[in-house]
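Chain by chain, the residues:
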Amino acid sequence: KMAAVASSLVSYGSDSDSENESESGNGAQKVDPDAVAHLQPLKSSTITALAALNSAPEVAVKEDVETGVHLDPALKEVTYNPKYETMFAPEFGPTNPFRSKQMSAPRNMLSGYAEPAHVNDFMFEQQRRTFSTFGYALDPSVDTSAVSSSSYIGAVEEAEKNKGLMAFETGAKKTEKRKKVKGGDASDIDSFLGPWAKYQDERDGAKPSEDEQKELDEILAKRQKRGKNEEEAPAEEKTVLHVKDAYDYQGRSYLHVPQDVGVNLRSAEVPDKCYLPKKQLHVWTGHTKGVSAIRLFPVSGHLLLSCSMDCKIKLWEVYNDRRCVRTFIGHSKAVRDVSFNNSGTQFLSAAYDRYLKLWDSETGQCIARFTNKKVPYCVKFNPDEDKQQLFVAGMSDKKIVQWDIRSGEVVQEYDRHLGAVNTITFVDENRRFVSTSDDKSLRVWEWDIPVDFKYIAEPSMHSMPAVTLSPNGDFVFFGGSVCCCCCSYVVSGDADGKLNIWDWKTTKLYHRIKAHDKVCISALWHPHETSKVITCGWDGQIKLWD
C-alpha cells in the first residue's frame, strides 16, 4: 500500500511539475520533492542481501552410510552414529565364528556384568558370614517374606536343621523373659511391685555360691602370682665369648674396624648406586627361635647384632669367617628390639620381661637396667652426640618414655597415642622424631616437647610397624612389614618369608626372593657394599644375600 501511494504521489508530482512549469506564468507554487522522498520506494541499488547462516553440522544420511565395515582405529572423528556391528567388527578378515554369546556379552567387571542394586550393608555382611560359617544363605532372587527350604542356597539341609539361624543371632530366637517374684505384669495393679522388684532366680545379697567362690579364688591366686613375678628381680645377666681371644696381638678387640676386607669401612659416604642381590652367600645359625630384629654396627657395618625370641642377643662377624663373637644373656622373655649408640660401644635391649638393659658391646657386661612395669616395644638412642645419655622407648601402655642413663630416671613422657607404640624414627637433623602405633596413626614430635605437632591418620591406613629413613634423610618409608632403603631401591619382607625389592620412584617390583621359611621380619642393606642385603626371619636364621 505504501508503495502504491508513493508511486501515485510521484506520478502526481511529475504531472504537477509539468503543469507548474506550464503554468509558471500564472504564479502557481511547485511541489517540494524532499517532502515526498520518504514515501518513495527504495531503489534496488540500495538493498543489501544478507548471506544465509546455518549453524547445524553436516550429518551423513543413514542410507548413505556404509554399515558392517570396521571403523579405522586411527580415525579421530566420526560424523555419524555407527552401529554396534560396525564398531566391533574385526579390522581384517571375517567375524570370529567361535565367539560365544557369553564372550560378546557386555561387561563392566572382570567376571561379567554386575547390575547395580541396593543392598543393606548389615544384611550383606550377615549373609556373607552365615554362608562362610554354616554353608548356607538366603537366596537374594527369592522373596524372603515367606521363608521356606527354597529360600536358601548352599547347604539347604543344614539351614533346615538350624531353622534358618543366621550369623549375629542366638540359638533361641525368642527368649522367655525373667519373671518377677510377685506379679511382674504391670496390668496386675494389686500385685505389681514396680520395675525394681526381684526376679524369681535372684538371690538376696551379693554373696557368691560355692562354685563361684572357688572360681574367684583361682582367679585371685593367678593375679597375685603374676604380680609377684612382675615385682621379682630381673634375670641374672651373663655373657659367653665364642672366639678364642677377645683381643689381638695389638690389643684390639673385635670392635676394631678390619682393614683387610677390600672395602673402606671407615667412610661415611652414601653410595651412589645399588645393585640387586641375586644369590645367598651365608647363613648365620645359632638362635633356637625366631629372630626379632638385627642391627649393623654404626658406620662400618662389620658386626651384626641380633635379638631373638629365645631371650638371647648375639653379636656376629659380617666379614672373614662370619663367626658368632659373643652372646648376651639377661632377659627372661623374648627380646623385642636392640639399638646401638653412635660409637657402637654400647647398646640397649628391650624385652617382654618389661626391662630395658644397657650392655657393653666389648665386655658383655650389663651396665644398667630400666623399667616402668610396662612392655617396651622399641628403643632408640638420641643420635645427637651431646645427647647420647638419653634414649626413648615406645611402650605397650601407649606412651613414649624418655630415660636419662646417668640418673636412671624417666625425664619425659610423650602420651598422645591411642595404642601401643611400635617404632620411633629420628628425622630433621635429630630435632624431631616420628612414631607409629597400633592406633593406625603416625605422629611427629619435637624433641623434649610432649605434644605432637603433626598427626596423620586416614580410614584406609593400617598399622605401620616398620619405618625406615632414606639415606639422604629427605624421605621416610612406612610399611606393614620390614622396609629398608638404599639409593633407589626399597626392600621389604612379608609373611610368606619373601624378600621383595622395589624401585621407590616407579614403585615397580624388580625382584622377589624366597628368603625364609617363615615370616621375614627384618632386612638391612649394607652401608658400604651396595649389593649385599642381610635378612632375618622367624625361622631363627639370619642370611646374607649378594
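All residue numbers refer to positions counted from 1 along the written sequence of the respective chain. Only residues with pLDDT of at least 70 get local features here, since the model is predicted, and only at 80 or more are side-chain atom pairs given and counted; chain-wide, interface and lining totals rely on the full set of residues. Excluded from the side-chain calculations are hydrogens and water; all other atoms, namely the structure's heavy atoms, are used.

A.B. asks: Explain the overall build of the protein to me, please; I cannot follow it from the model alone.
C.D. replies: The secondary structure content of the protein amounts to 6 helices and 29 strands. For every residue, the accessible area (1.4 Å probe, protein chains only) is compared with the maximum for its type, and the residue is labelled buried under 20%, exposed over 50%, or partly exposed between those bounds. For the protein, with 546 residues in total, the buried portion stands at 35%. Every residue pair with non-hydrogen atoms within 4.5 Å of one another is taken to be in contact. If you take every contact in the protein between residues at least 6 apart in sequence, the share linking residues at least 24 apart comes to 42%. For accessible areas, the Shrake-Rupley method is used with a probe of radius 1.4 Å. Any residue's cover is judged against the shown protein chains and nothing else. Approximately 35,200 Å² of the protein is accessible, and the part contributed by carbon and sulfur atoms is 52%. The helix count covers DSSP runs of H or I at least four residues long, the strand count covers runs of E at least two residues long, and both are numbered beginning at the N terminus.

A.B. asks: Looking at this model, I keep getting lost on the packing of aromatic side chains. Mind explaining?
C.D. replies: Given two aromatic rings, their pairing is described by the distance between the two centres and the angle made by the two planes. Pairs were defined over the aromatic rings of Phe, Tyr and Trp, the Trp ring being its six-membered one, requiring ring centres within 6.5 Å. Orientation was assigned from the angle between planes: stacked under 30 degrees, edge-to-face over 60, tilted for the rest. Overall, the coordinates contain 23 aromatic pairs when judged by the stated rule. Residues phenylalanine 433 and tryptophan 445 carry aromatic rings whose centres are separated by 6.2 Å and whose planes lie at 15° to one another, so their mutual orientation is stacked. Of this pair, phenylalanine 433 sits in strand E18 (residues 432-437) while tryptophan 445 is found in strand E19 (residues 442-446), placing the two residues 12 residues apart along the sequence. Across this residue pair, the class does not change: phenylalanine 433 and tryptophan 445 are buried. Taken together, the ring pairs in this structure connect Phe297, Phe328, Phe340, Phe347 and Trp359 into an aromatic cluster. Working rule: Lys NZ or Arg CZ, within 6 Å of ring centre, within 35 degrees of ring normal, means a charge sits over the ring. Geometry around tyrosine 377 places arginine 336 over its ring, the cationic atom sitting 4.5 Å from the centre.

A.B. asks: What exactly am I supposed to notice about the side chain of serine 308 here?
C.D. replies: Tracing the backbone through its elements, the reader meets serine 308 in strand E6 (residues 303-308). Exposure remark for serine 308: the relative accessible area of 0% places this residue in the buried category. Residues in contact with serine 308, not counting those within four places in the same chain, are His287, Lys289, Gly290, Val291, Ser292, Ala334 and Val335.

A.B. asks: Even after reading the chapter, I still don't get the sheet that holds strand E11 (residues 356-360), so can you show me in this structure?
C.D. replies: Within a sheet, neighbouring strands are paired by backbone hydrogen bonds and run either parallel or antiparallel to one another. The 4 strands lie next to each other as E9-E10-E11-E12, forming an open sheet whose pairing is antiparallel. Edge positions in the open sheet fall to strand E9 (335-340) and strand E12 (366-370), since each of these has one partner strand only. Each strand of the sheet is rotated relative to its neighbour by a mean of 20°, with strand direction disregarded. For two strands to be treated as a pair, DSSP must find at least two bridges joining them. In this sheet, E12 lies alongside E11 in antiparallel orientation, the contact comprising 4 bridges. Opposite tryptophan 359, over in E12, you have cysteine 366 as the bridge partner. Lines fitted to C-alpha atoms define the axes here, with helix axes fitted over just the stretch in contact, and angles between the N-to-C directions of these axes take values from 0 to 180 degrees.

A.B. asks: It is not clear to me how helix H4 (residues 121-134) should be interpreted in this structure. Could you clarify?
C.D. replies: Given 3.6 residues per helical turn, the α-helix brings residues three or four places apart onto the same face. Over its 14 residues, H4 runs 20 Å from end to end, which matches the ideal 20 Å to within 8%, given 1.5 Å per residue. Those residues of H4 not exposed but buried are Gln126, Gln127 and Thr130. Projected down its long axis, H4 shows its buried positions confined to an angular sector of 95°, all on one face. Among the exposed residues of H4, those oriented more than 90 degrees off its buried face are Asp121, Phe124 and Ser132. Against strand E1 (136-138) lie the buried residues of H4. Where H4 begins, the side chain of asparagine 120 points an oxygen toward the backbone nitrogen of phenylalanine 122, at a separation of 2.9 Å. Given the number of residues in a helix, its expected span is that number minus one, multiplied by 1.5 Å. What the arc describes is the spread of directions from the helix axis to the C-beta atoms. Here a polar contact means two N or O atoms within 3.5 Å. Within protein one must be a hydrogen donor candidate and the other an acceptor candidate, and residues neighboring in sequence count only if both atoms are side-chain atoms.

A.B. asks: Is there a simple way to explain the sheet that holds strand E3 (residues 238-241) in this structure?
C.D. replies: Strand order in the open sheet made by the 5 strands is E3-E8-E7-E6-E5, with antiparallel pairing throughout. Of all the strands in the sheet, just E3 and strand E5 (291-296) have a single pairing partner and so form its edges. Within the sheet, the average angular offset between the axes of one strand and its neighbour, ignoring direction, is 15°. Here strand E7 (residues 312-317) runs beside strand E8 (residues 324-329); their pairing, made up of 5 bridges, is antiparallel.

A.B. asks: Please clarify how the UniProt feature "repeat: WD" (unreviewed entry) in the protein should be interpreted in this entry.
C.D. replies: Under the local residue numbering, the UniProt record ascribes the feature "repeat: WD" (unreviewed entry) to residues 284-318, 328-369, 414-446 and 513-546. The annotated region residues 284-318 carries 0% helix and 54% strand content, and the separation between its end C-alpha atoms amounts to 10 Å. Along residues 513-546 one finds 0% helix and 50% strand; the C-alpha atoms at either end are 12 Å apart. UniProt positions are given in the numbering used here, feature names are shortened, and annotations may be inferred rather than shown by experiment.

A.B. asks: Would you mind going over unusual backbone geometry with me for this structure?
C.D. replies: Positive phi, close to 60°, is recorded for asparagine 320, a residue that is not glycine. Mapping asparagine 320 onto the fold places it in the loop between E7 and E8. Assessed through its relative accessible area of 53%, asparagine 320 is described here as exposed. Even without being glycine, lysine 398 reaches a positive phi, approximately 75°. Summarising the element assignment, lysine 398 is placed in the loop between strand E14 (390-395) and strand E15 (400-404).

A.B. asks: Would you mind going over the confidence of the model for the protein with me for this structure?
C.D. replies: Predicted coordinates in areas of low pLDDT are best not read in detail. Averaged over all residues, the pLDDT of the protein is 81; the fraction at 70 or higher stands at 76%. Each residue gets a pLDDT score, which is the predictor's confidence in that residue and runs from 0 to 100. By mean pLDDT, helix H1 (residues 2-22) is the weakest element of the protein at 47, and E15 is the strongest at 97. Note that pLDDT drops below 50 for residues 1-10; the model gives that stretch 6 contacts with residues more than four away or on any other chain. Within the model, the stretch residues 44-48 combines pLDDT values under 50 with 0 contacts to residues more than four positions away or in other chains.

A.B. asks: Where do I start with the environment of aspartate 415 in this structure?
C.D. replies: Inspection of the secondary structure assignment puts aspartate 415 in the loop between strand E16 (409-414) and strand E17 (421-427). Sequence separation between aspartate 415 and valine 451 is 36 residues; the distance between their C-alpha atoms is 7.9 Å. Residues contacting aspartate 415, with those up to four places away along its chain left out, are Lys398, Lys399 and Trp445.

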